[in-house]
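# A look at the structure
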Amino acid sequence: EGVPAGGVTLAPGSLPLNLTVVFQPTLEMIPSTAPIAGVVVSSNDPTDGGVQVVSVFGRAEAPSLQVNQPDLVDFTFVAQNLSSLRKVNLFNAGSAELTVDSVAILDNASGEYAIQVDNSWGPTADVPVPGVLGTGEHREVRIVFTNSGGANGTEWAEFHVYSNDPNTTDWP
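Residues numbered from 1 in each chain as written. Predicted model: local features only at pLDDT ≥ 70, side-chain atom pairs only at ≥ 80, totals over all residues. Heavy atoms only, no water.

## Topic: the sheet that holds strand β9 (residues 158-163)
As summarised here, the arrangement of the four strands in space is β7-β5-β9-β10, forming an open sheet in which the pairing is antiparallel. Where the open sheet ends on each side, the last strands, each with one partner, are β7 (131-133) and β10 (170-171). Sheet topology places strand β5 (residues 98-106) next to β7; three bridges connect them, and they run antiparallel. Residue L98 lies in a different strand from β7, and its bridge partner there is L133. (Pairing = 2+ DSSP bridges. Helix = DSSP H or I, 4+ residues; strand = E, 2+ residues; numbered from the N terminus.)

Below is the structure:
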């Protein structure tokens, strides 16, 4: 639990001294592979000048949403009164469960974009509810564009994912 205030003397050949370091992560911690702290060991060992720092590593358990295709889902050319389907993959690259509260198409002025209903997963169901992706799990969301004869030219919309990812609660 800790070293006594007066220190500890280790005799040659004695058993090692085990110390317990307590880690209490916060949501504000930035994920990193760098040490989060160091334990300073002061001694009379002449080989290291009497001071050695033991690095301490740790990370907060947190979900991490990755969306593939991350930038642009291209439907190319879709003839009038026909539909085209594209798949977007949601992946939890984090170390804790990712809760996807909902998925949505925004800025869909023509109304020609839609998320295909999939009742096997909450956010894409007829009556949407949150869905969970465990660590390393993925889920496919299908987006449909139906050319209903709107204005000629390029149609745009935004695909959004609302989740408990602490870095991106509203993706994109």
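From this point, the narrative continues.
## A few points about the pattern of salt bridges
Under the defined criterion, the tally for this structure stands at one salt bridge. The partner of R142 in a salt bridge is E140, with the nearest N and O atoms 3.1 Å apart. Residue classification places R142 among the partly exposed positions, given a relative accessible area of 33%. (Salt bridge = Lys/Arg side-chain N within 4 Å of Asp/Glu carboxyl O. Buried < 20%, exposed > 50% of the residue type's maximum accessible area, 1.4 Å probe, protein only.)

## Focus on a nonpolar patch on the surface
Judged by side-chain polarity, V8, L10, L17 and L19 come together as a nonpolar surface patch covering roughly 350 Å² of accessible area. Summarising the element assignment, L19 is placed in the segment before β1 (37-42). (Patch = residues over 30% accessible without salt bridge, like charges linked within 9 Å, V, L, I, M, F, W, Y side chains within 5 Å. Areas by Shrake-Rupley, 256 points an atom, 1.4 Å probe, with all protein chains shown as cover.)

## A few points about the confidence of the model for the protein chain
Across the protein chain, the average pLDDT comes to 88, with 96% of residues at 70 or higher. Taken element by element, the predicted model of the protein chain shows its lowest mean pLDDT in β1 (86) and its highest in β7 (98). (pLDDT = per-residue confidence, 0-100.)

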